Amino acid sequence: MARGDTCGEIDWRVNASPHTVAKNTATGLLLRERAVGGPRRRPLPTPSEGPRETASFAELLKRHRGRRGLTQQQLADFATLSVRAIRDLESGRVRRPRRESVGLLADALRLSDPERQQLHAAGGSPADLRDALPGLPASAPPALPDPPAPPGALVGREAELQVLLDQVTVHGHRLVSVVGISGIGKTHLVLEAVRALRARGWLVGWHAPAGGTRCCGALPAPGGPPPGTADPTTDLVAAVGERHGLLVIDGADASGPGGVDVGELLRRCPGLHVVVTSLTPRYLPGERVLPLTALAVPEEALDHDHVRLGEVESVALFLSHMRRSQPGFRLREDNAHAVVRLCRWLDGVPRALEYAAGWGLVYPPELLLARAGRDFSLLSSPAGCGCQDLLRSVARSVDIVAECCRLVLAEVADRPHWTVGDLDHLVPDPAAALHTLLVHGLVRPAGAHLPERFTALQLVRLLHARDRTPAGAARAG
Ligand SMILES: Nc1ncnc2c1ncn2[C@@H]1O[C@H](COP(=O)(O)OP(=O)(O)O)[C@@H](O)[C@H]1O
Ligand SMILES: [Mg+2]
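What counts and how
Residues numbered from 1 in each chain as written. Chains lettered and ligands numbered in written order. Predicted model: local features only at pLDDT ≥ 70, side-chain atom pairs only at ≥ 80, totals over all residues. Near = placed C-beta within 6 Å. Helix = DSSP H or I, 4+ residues; strand = E, 2+ residues; numbered from the N terminus. Nonpolar A, V, L, I, M, F, W, Y, C, P; charged D, E, K, R; others polar. Domains from an automatic or database assignment. Core = buried A, V, L, I, M, F, W, Y, C linked by C-beta atoms within 7 Å. Buried ≥ 20, exposed ≤ 12 C-beta atoms within 10 Å, placed from the backbone. Contact = placed C-beta atoms within 7 Å. Pairing = 2+ DSSP bridges. Axes fitted to C-alpha atoms, helices over the stretch in contact; angles between N-to-C directions. Parallel < 35°, antiparallel > 145°, perpendicular 65-115°, else oblique. Left-handed = near helix turned anticlockwise from the far one by under 90°.

Colleague: How would you summarise the site of ligand 1 if you had to cite specific residues and measurements?
Modeller: Taken together, 22 residues lie around ligand 1, and Val 155, Gly 185, Lys 186, Thr 187 and Pro 350 are the ones closest in. When residues of the shell around ligand 1 are traced back to their parent elements, those giving at least two are helix 10 (186–199) and helix 16 (350–359). Residue composition of the shell around ligand 1, grouped by class: seven nonpolar, 11 polar and four charged. In terms of domain composition, the shell around ligand 1 takes at least three residues from each of domain 1 (3–11 + 141–291) and domain 3 (306–379).

Written out as structure tokens, the structure reads:
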């Protein structure tokens, strides 16, 4: 397959912020020079250039932070890094930080260009992105379709976003799998991470394999493969080459990410990081797995402070969807309780909240709640686009896990909550089975008030209930 064919699948581009546009303009000259004179290396500071140039990365960082009067926590916040990362860098535990992390720190510290270069040199990384891309030809491939923009504001997920960014930028992990049931918010989270990384100068490609996890309301896939792609792995290797950057493979399901052999891709593209969104991990060496659980749900209470209630993640998302079709919708005395119970009943699963709120045009929250569990159509989009419903989606996750895990699920689905000890008689290794079910997002901790207890997702419960009916069993068979 010719390189041009692959171009439709991924997008490599540099930061679009005004700051970087200026830098990129300057980089154009650099590239032309390199085309004529070969790769150009920025000279590293020599000891004769004075004590500042020979300072270690840790010392330089501490000095700049002190000059700005920032605490480690403040610097971490500004740089969107973890405070632990800052500590590791300042203590010298991490001596050669990733180029992207140094860029984040330089931005946060508002360093001048020479200071920025000095910091990069101390950390052993080039300040200019193009210097990090030895294989980049003088005329880079034309801009390819952008990764889609996030479909709206990301509610909550601050911790998950930070972990995802840190995994790639600070710790330099080359494969991170964001895992969970369909509709839990994997794509949305990764899109937000992509936005943050691109703003920091990362090259980002987006690949949405044919046959990946798609559902109504799912994002269009501008990075989707052109029809007739024979071997996406080879195509991607050809497009990425030696370049440094990140490739997102979105919707890589159990049968393999649209034919992409991620291990092979990573082997053949040494500068590449890959983030996969999938129902299940890849189980590859070095893979980091980020299991995505549901949004926070409110506690049951007799009285609710409506302002605080509206800030609970699942409620905030439900309200924002309700207001799309009913702009005047507000939490009130007479509907707050139903909204709380609905969000809890739906386990804070974003797609389930979206569908339920969509039906809010027909049924007020109290009626939605009354119908929940009896009317399975509430678990599909009211737009009726004929895509998968949520039960079918969750059934795919159930199908993926090993048989012993399915056995556990069938046993515990109807119990309000249980402990790992309760599984002893069911399977040889209950803790491993529970771990798998948690990673796949099919069960969750029962709540802070019930430590060490777990519960199946309501969707799993409904799936079992539905499959026990004659019609459901026929459908499942
Ligand atoms: N944290 C969130 N804040 C706002 N909307 C969200 C959030 N998580 C998911 N959504 C929305 O829920 C729906 C399902 O999310 P998506 O990322 O497509 O799930 P997945 O990729 O896990 O199937 C999308 O409409 C998405 O925009
Ligand atoms: Mg998705």
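Colleague: Lay out the nonpolar core in plain terms, naming residues and giving numbers.
Modeller: With 91 residues, the main nonpolar core has Leu 409 and Val 460 as its most contacted residues. Examining the composition of this core, we find that six residues originate from one element, helix 10, more than from any other. Beyond its immediate chain neighbours, meaning those up to four positions away, Leu 409 contacts Val 398, Leu 437, Leu 442, Ala 456 and Val 460. Core analysis: the second largest hydrophobic core is formed by 21 residues, Leu 104, Ala 106, Leu 111 and Ala 122 among them.

Colleague: Describe the pairing of strand 4 (residues 272–278), with residues and values.
Modeller: With seven of seven residues buried, strand 4 is to be regarded as a mostly interior element. Of the two faces of strand 4, the one holding Leu 272, Val 274, Val 276 and Ser 278 and the one holding His 273, Val 275 and Thr 277 are both buried throughout. As paired strands, strand 1 (residues 175–179) and strand 4 are joined by five bridges and run parallel to one another. Following the sheet pairing, Val 178 is matched in strand 4 by Thr 277. Two elements, strand 3 (residues 245–250) and strand 4, share six bridges in a ladder whose sense is parallel. Bridged to Asp 250 within strand 4 is Thr 277.

Colleague: Tell me about the packing of helix 9 (residues 158–169) against helix 10, and name the residues and values.
Modeller: Where helix 9 contacts helix 10, the two axes come as close as 10 Å, and the packing angle between them is 55 degrees. Accordingly, the angle class assigned to the pair helix 9 and helix 10 is oblique. Pair helix 9 / helix 10 crosses with right-handed handedness. Two secondary-structure elements touch here, helix 9 through Glu 160, Leu 161, Leu 164 and Leu 165 and helix 10 through Leu 189, Glu 192, Ala 193 and Ala 196. Residue classes in the contact of helix 9 with helix 10 are distributed as six nonpolar, no polar and two charged.

Colleague: A description of helix 21 (residues 458–468) should follow, citing residues and the corresponding values.
Modeller: Taken together, the buried positions of helix 21 are occupied by Gln 458, Leu 459, Val 460, Leu 462 and Leu 463. Where the residues of helix 21 are buried, they touch helix 15 (333–345), helix 18 (390–400), helix 19 (403–412) and strand 7 (454–456).

Colleague: With reference to specific residues and values, describe unusual backbone geometry.
Modeller: At Arg 110, a position not held by glycine, the phi torsion is positive, near 55 degrees. Turning to its location among the elements, Arg 110 is positioned in the loop between helix 7 (99–108) and helix 8 (113–123). The exposure class of Arg 110 is exposed, given the 11 C-beta atoms found within 10 Å. At Glu 452, a residue that is not glycine, the phi angle is positive and equals roughly 65 degrees. Among the secondary structure elements, Glu 452 is positioned in the loop between strand 6 (443–445) and strand 7.

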